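Listed below, chain by chain, are the residues.
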Amino acid sequence: MKIRWQVTWSRGRLVALGAVVAVLLGTTVVWVSGGDPTTRPLRVEEGFVEVPAAPGSAERVSLETSLFLPERTPAPAVLLAHGFGGDKHSVDTDARELAEAGFVVQTYSARGFGRSTGKIGLNAPDAEVADARALVDRLAARPDVVLDGPGDPRIAVSGASYGGSLSLLLAGTDRRVDALVPVITYNDLAQGLLPNAVSEREVDGTTPAPGGFAPGGVFKSSWGGFLYSMGLDPEVSPEDELRPVAAQRDTDLGSVCGRFTDEVCRAWTEVATTGTMGEETLRLLSTLSPASVTSAVTAPTLLVQGEQDTLFGLDHADANARQITAAGGEVQVVWFAGGHDGAYPDEGLRGRIVDWLRFRLLREGENPFGAFEYDVQGGITPEGTPSARTVRTDSYPGLHHGSTRREQLRLSGDEQVVITPPGGLPAAISGMPALNGRLGQTSWMASLFSMDLPGQQATFTSGPVDAQLLAAGAATVRLRVSAVGPPGDGVLFLKVYDKDPNGTRTLPGNAVAPVRLPPLPADGSPVEVDVALAGIVRPFENGHELQLSVATTDQTYRTPTTPAAYRVSLAGPVEVPVVPAVPLGSALPVAQLAGIGAVLAAVALLAVVARVRRRHGRDVDPDLVDTPLVIDRLTKAYTSGVTAVDGLSFRVERGQVLGLLGPNGAGKTTTLRMLMGLITPTGGTIRVFGSLVTPGAAVLSRIGSFVESAGFLPHLSGVENLRAYWAATGRPADEAHLDEALEIAGLGDAAHRLVKTYSQGMRQRLAIAQAMLGLPDLLVLDEPANGLDPPQIHAMRDVLRRYAAAGRTVLVSSHLLAEVEQTATHVVVVHHGHVIAAGTVDEIASAGGAASFAVDRPGLAATALAAVPGVTDVDVDGGEVHAVLNGVPCGDAVAALVGAGVSVERAGPRRRLEDAFLQLVGEGS
Amino acid sequence: MSEVQDIDAVPGYRSSRTLRLGVELRRQLRRRRTKLLLGMVVVLPVVLVIAFGMGEEPDPDRRGGTFADLAVVSAPNFVVFGFFVAGSFLLPLVVAVLFGETVAGEASWSSLKYLLSIPVPRLRLLRQKALAAGALSALALVLFPATALLVGVIWYGVGDATSPTGDAVPFGTSVVAMAITTAYVVVQLSWIAGFTLFLSVSLDAPLGAVGGGVLAVVLSQILDSITALGGVRDYLPTHHAFDWIDVFSTTVDWTDMANGALLSLGYTALFGALAAWRFARKDITS
């Protein structure tokens, strides 16, 4: 028993393990084989292209390039430019995705980056932009690129940040460009580095994210330094010092210029040292800015801008959109939850951009973007990652018609005085450039990098909003400022906070709008300015407050060092842009619902198939409907090679008490289990009242059984167990004959105790009682005498005899001869899985009327018996004499013996069964 | 199941009346284990409330910082938090226990053979057992948020469901969201039901079946935390376990929940079919 359990368990454990591994790791295998990037090899041609260092110049610059070729050519081309500080390999992923979508993709390292030679000119028209044009020329000459006309390839240009600016500058100067996707890029480089959110006239609020774009901005020093460091050589060569450059300030700049061109270096030096721009620098940056050419961009443009971007905010995309639309170009705008502070467009967005390019260049599919869509950051998931939803509207407000709806929020807050500390120290912290996205994921980290200083900020707060206010774009506000004492530099930093009911403030997008005020009158009279705050997308939830902070310092910027004090108040409401849009992903997931339906339908189908198969499973032999049990050549062979039952055949008639006799391991229990439909035979049939026994066959209801061990719910009492069992049969309660069964069990009051307190014998009796519930036509008992004491065994025999006498049938198995002899009317002897002998107990016990006599003088007795007429086959066996009486009454034989002077100790039928059985047992042991 | 085949049977026997749901539920409900499991899901919210009460006053600067800090804001938040802490282990365990014991439990008592000899047709027995375990699981999964909501209302009061970023859902709507969440959790955890049912049929030891189910949950969670696995994680049965969070927002995106429901039902159907296939052919030796 113990061993069997352990064997089952270990096999079961294997099954369990196998299933777990199959499910959880099987998919991994699929993924590993499916996700292998080498399964679809792309042809990549790498090389260098020589271009003139300047128009008409003999000097050459060498650009390293990669050309990704799709499976099928000719195909339209995409020129992919990298971001600042990167090289051609930075865009390998994008290039592969595009090439796999069927485009010829040209990537390259811009001048001064990667292994390309030349100096960084920040997308100078005659340098980097001319290089891009040369690459387009080369693509036009290739046979594997689709042409729109001679020398005019069908081409799109895309890139992020620095590359995005190149795409605009190229599209504005080269009409061959058929579509462009500038990502997180700028409109005006001067405003990108030295923004000024102030506007002396009222801000044009028709579009959602207007910028102030006023001259004389505040230097975004942290970002500036970050970018400058990317243009430096890892090691400074001492040779540089030998080549002095004529610098604006007569300073030798050679060693500090890195790979920047001289004019860029000069401009940088001026900005970094003074925080301002001279005429020359402004002129330079203006030629380097897309704003200089956007009026000439006519190709369809997809502007992708980040909502987490303190470098180039939403106002730059807004300006690009306005200028290109004014020039007649077709513009679509996407604000995504990322940017220079957050993430690069994710796989989903990149995939849609590829679809957009297919739509534009191949005329395939539908336009995957609306006129305007933006991401709204939603709740943080339990995993801690922010969730975003995308909403779409069919026009970018203010581009063609209409204007942006602006919610007016009146903020409370009196006039407050703020000071600029001497040296600009300490300075408020609004975030960490380039890291804000990551820091923002954990609020305590964000709180470390967010600090406003007392005395340096004035705050103005709205009341709690009574419904979600979804700000999308740049809010505007009119500010009144006057100087207290000397006017100072007139620099302020405006931020919009989301303040929750607990008082926790969040700075959406870490966005700061720097303001350089017009000169303030020294007499303390106020100046009013309109300010376009930084563009954000932020749902101000029900009960939250919008708080405007006007601060004098910010570490991200070059904070003025001259001490000053200002009186600050609001001259009007804050106007928050609202762009009604519908969620993109809110469409019902039809495919998944269909899948769920399909799964349910498949399950229903399986159920129907199972039911139909069951219904057709009936098999009745009409000749045997009155025979309780017929077993025919029954075989059970296990895969392990053991044959437990081997061609067993016997039959039980009505009214019989049949004893199934055999030593342990003869196959009795296996036979009974097959009879109950618990084990499927490997051969032969069992018919009960003519019906073939299969698992769950209805005819089993005519059998009451007790096989091998009792099975009860330990937490119920004996009576409750019998009731629960009968309830499970679903048959009427009055058919159970529960009281009779209980009487047979003879448990007395113990019947009301929990079964787990029972002894082995009590369980045994209860199990027999359970088998008799409903008085089944065929009662099957496996070793019923086990665990019973002699009086109980005796009582059991009476019960079984009476049971059979009522026309029912009993099948009892036992390994004890005496048990079977005394209980059964018929016997089947089983050994090694087959029948050895079968018949009535008398037939087998005293086959042919043989009798045995135990006598004191066997020789004399034999003679006396042989003399009795009719008696034959007299045989002496030790102290016993056997003889076949042939109808002579046993009493006459005894009288003859006594008459011959033999003392008879005992007389009775000869025990042949015992001989046979002992022989079997001996063989078996 | 049909009347036709029952002509072989004794009068009064109908296979369609064997082991009726009420009978099976009564068999299970009287077990101490069932009462213990149901008691546990009722007691857990109370324990959580007491645990929160014993902690120090939350630091105002850090308030709203973690999911746990949000739990004490309002009753709906408390329910959401409860689902979050119980969702990874306790609720799967409840389902695993109830389903793991279905067949293996009877086998370990040796009572399975007597049920099958009644006879309760094998597939019917499996179905009735699964339905009863399913009903008890659903009861536990409903009792848990119901108690949490009750306890939450008493301790923290009626209020909006707020997320860490301040996405606020009014109380009335959040009750609907909680109902949807409960329904989703029931569907989502069904894969464990299917899987442990399969184990329960394959093993004769109920502990093995329950343990195997819990092992699968833990293994799936571990694999799910390995981001390097990328897209394959979408097919892990526990991947969508917490996607019900989508329902607590102003505009509900059903995509992830539908994915989770489809995936779970797929696994449930697969393992359920395997369980039925195996049980119909198995030799009962216990």
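Residues numbered from 1 in each chain as written. Chains lettered and ligands numbered in written order. Predicted model: local features only at pLDDT ≥ 70, side-chain atom pairs only at ≥ 80, totals over all residues.

A. View of the sheet that holds strand β35 (residues 834-840) of chain A. Residue and element names in this part refer to chain A. The mixed open sheet is built from six strands, whose spatial order is β31-β32-β33-β28-β34-β35. The open sheet is flanked by β31 (703-706) and β35, the only strands paired with a single partner. The sheet shows a mean angle of 15° between the axes of neighbouring strands, taken without regard to direction. On top of the sheet, helix α14 (residues 668-675) reaches β28 (657-661), β32 (778-782), β33 (809-814) and β34 (826-831); it is set at about 145° to β32, its chief contact. Contacts from helix α17 (residues 760-772) reach β31 and β32, with the element oriented near 170° to β31. (Pairing = 2+ DSSP bridges. Helix = DSSP H or I, 4+ residues; strand = E, 2+ residues; numbered from the N terminus. Axes fitted to C-alpha atoms, helices over the stretch in contact; angles between N-to-C directions. Contact = placed C-beta atoms within 7 Å.)

B. Fine view of unusual backbone geometry. Residue and element names in this part refer to chain A. Going from T73 to P74, the amide bond is cis rather than trans, its omega being 0°. Secondary-structure assignment places P74 in the loop between β2 (60-69) and β3 (77-81). Geometrically, the link from L425 to P426 is a cis peptide bond, its omega value of -10° lying close to zero. Its location among the elements puts P426 in the loop between β15 (416-420) and α11 (436-439). One non-glycine residue with positive phi stands out, namely S161, at about 60°. Residue position: S161 is located in the loop between β7 (155-160) and α4 (162-173). Positioned with a positive phi, N510 is a non-glycine residue whose angle comes to about 50°. Note that N510 resides in the loop between β19 (505-506) and β20 (513-516). Judged by C-beta crowding, with 28 C-beta atoms within 10 Å, N510 ranks as buried. (Buried ≥ 20, exposed ≤ 12 C-beta atoms within 10 Å, placed from the backbone.)

C. Spatial organisation of the packing of helix α9 (residues 171-188) of chain B against helix α12 (residues 255-281) of chain B. Residues and elements named next belong to chain B. Between α9 and α12, the least distance of the axes is 8 Å, while the angle of their chain directions is 35°. Of α12, the residues touching α9 (which contributes Y184, V187 and Q188) are M257, G260, A261, S264 and L265. Taken together, the residues of the contact of α9 with α12 break down into five nonpolar, three polar and no charged. (Nonpolar A, V, L, I, M, F, W, Y, C, P; charged D, E, K, R; others polar.)

D. Molecular detail of the sheet that holds strand β38 (residues 880-884) of chain A. All names here are of chain A. Judged by pairing direction, the sheet is antiparallel, and its four strands sit side by side in the order β37-β38-β36-β39 without closing on themselves. Two strands bound the open sheet, and with one partner strand each, they are β37 (872-877) and β39 (904-909). Each adjacent strand pair in this sheet contributes to an overall mean axis angle of 15°, direction not counted. Judged from the five bridges that link them, strand β36 (residues 850-855) and β38 form a sheet pairing that is antiparallel. From the neighbouring strand, A851 faces β38, where its bridge partner is A883.

E. Representation of the confidence of the model for chain B within the structure. All names here are of chain B. For chain B, the mean per-residue pLDDT works out to 87, and 90% of the residues sit at or above 70. Across chain B, the element-wise mean pLDDT spans from 70 in helix α3 (residues 67-71) up to 96 in helix α10 (residues 190-202). In this model residues 1-5 is a low-confidence stretch, pLDDT under 50, and it forms 10 contacts with partners more than four residues away in sequence or in other chains. Ignoring residues within four places in sequence, the model shows residues 59-64, a span with pLDDT below 50, making 14 contacts including any to other chains. Across the interface, the model reports ipTM at 0.91; the global pTM reads 0.69. (pLDDT = per-residue confidence, 0-100.)

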